[in-house]
Amino acid sequence: MATTEINHGGMDAAARALGDGEVLMVNLLRYNAEARYDGGDQPPCSGREAYFTRYVPAFAEVTQGQGIAAQWVGSVHAALVGPVDEAWDDVAVVRYPSFAAFRAMIEGADYRTKADPHRRAALADWRLLATTAMPLPGADADA
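Residues numbered from 1 in each chain as written. Predicted model: local features only at pLDDT ≥ 70, side-chain atom pairs only at ≥ 80, totals over all residues. Heavy atoms only, no water.

> Which residues make up the pattern of salt bridges, and what values do they have?
As enumerated under the stated definition, the model contains twelve salt bridges in all. Its salt-bridge partner being D125, residue R30 comes within 3.2 Å of it at the nearest N-O pair. One end of the pair, R30, is in strand β1 (residues 23–31); the other, D125, is in strand β4 (residues 123–131), with 95 residues separating them in the sequence. On the accessibility criterion, D125 (2% relative accessible area) is buried. A single salt-bridge network, built from bridges that share partners, covers E5, D116, R119 and R120. (Salt bridge = Lys/Arg side-chain N within 4 Å of Asp/Glu carboxyl O. Helix = DSSP H or I, 4+ residues; strand = E, 2+ residues; numbered from the N terminus. Buried < 20%, exposed > 50% of the residue type's maximum accessible area, 1.4 Å probe, protein only.)

Spelled out as structure tokens, the structure:
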């Protein structure tokens, strides 16, 4: 099922599980062919264009100085495992100093007014996974 809205039950569970440490948010992104804005205040463009030329700059403005940074962004070329009807256009990994920082950002008025409208217009489907780094078994901690 396609969704672009954050699951608030998931937010509460993540807040309890993640504590105060760094969080890496993994975004699986599927774009609308054409961005879908409420109202006609934006020139037409593709969902991908709305995401990278409108959402990303607004996100950067809203999060400036908060220790929030994109770590990796890449295009998906093929899904080798998974349902054939679950295709993704891009993957983005964003680092937050804590889950509380993520939550404060998405619940803040600046994000809701400046960035979120572009995200909503751009995305046809989205998965957002809250992750933390873990040591690999057998990996040398000093390497």
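Picking up where we left off.
> Talk me through the sheet that holds strand β2 (residues 69–75); I want residue IDs and the actual numbers.
Pairing is antiparallel across the open sheet formed by four strands, whose spatial order is β2-β3-β1-β4. Each edge of the open sheet carries a strand with a single partner, namely β2 and β4. Direction aside, the axes of adjacent strands within the sheet are offset by 15° on average. Two strands pair when backbone bridges link them, and β1 and strand β3 (residues 90–96) are joined in this way by seven bridges, in the antiparallel orientation. By the bridge assignment, N27 is partnered in β3 with A92. Along the sheet face, helix α3 (residues 99–107) touches β1, β3 and β4 and points at about 110° away from the line of β3. (Pairing = 2+ DSSP bridges. Axes fitted to C-alpha atoms, helices over the stretch in contact; angles between N-to-C directions. Contact = heavy atoms within 4.5 Å.)

What is shown is where atoms sit, not what they do.
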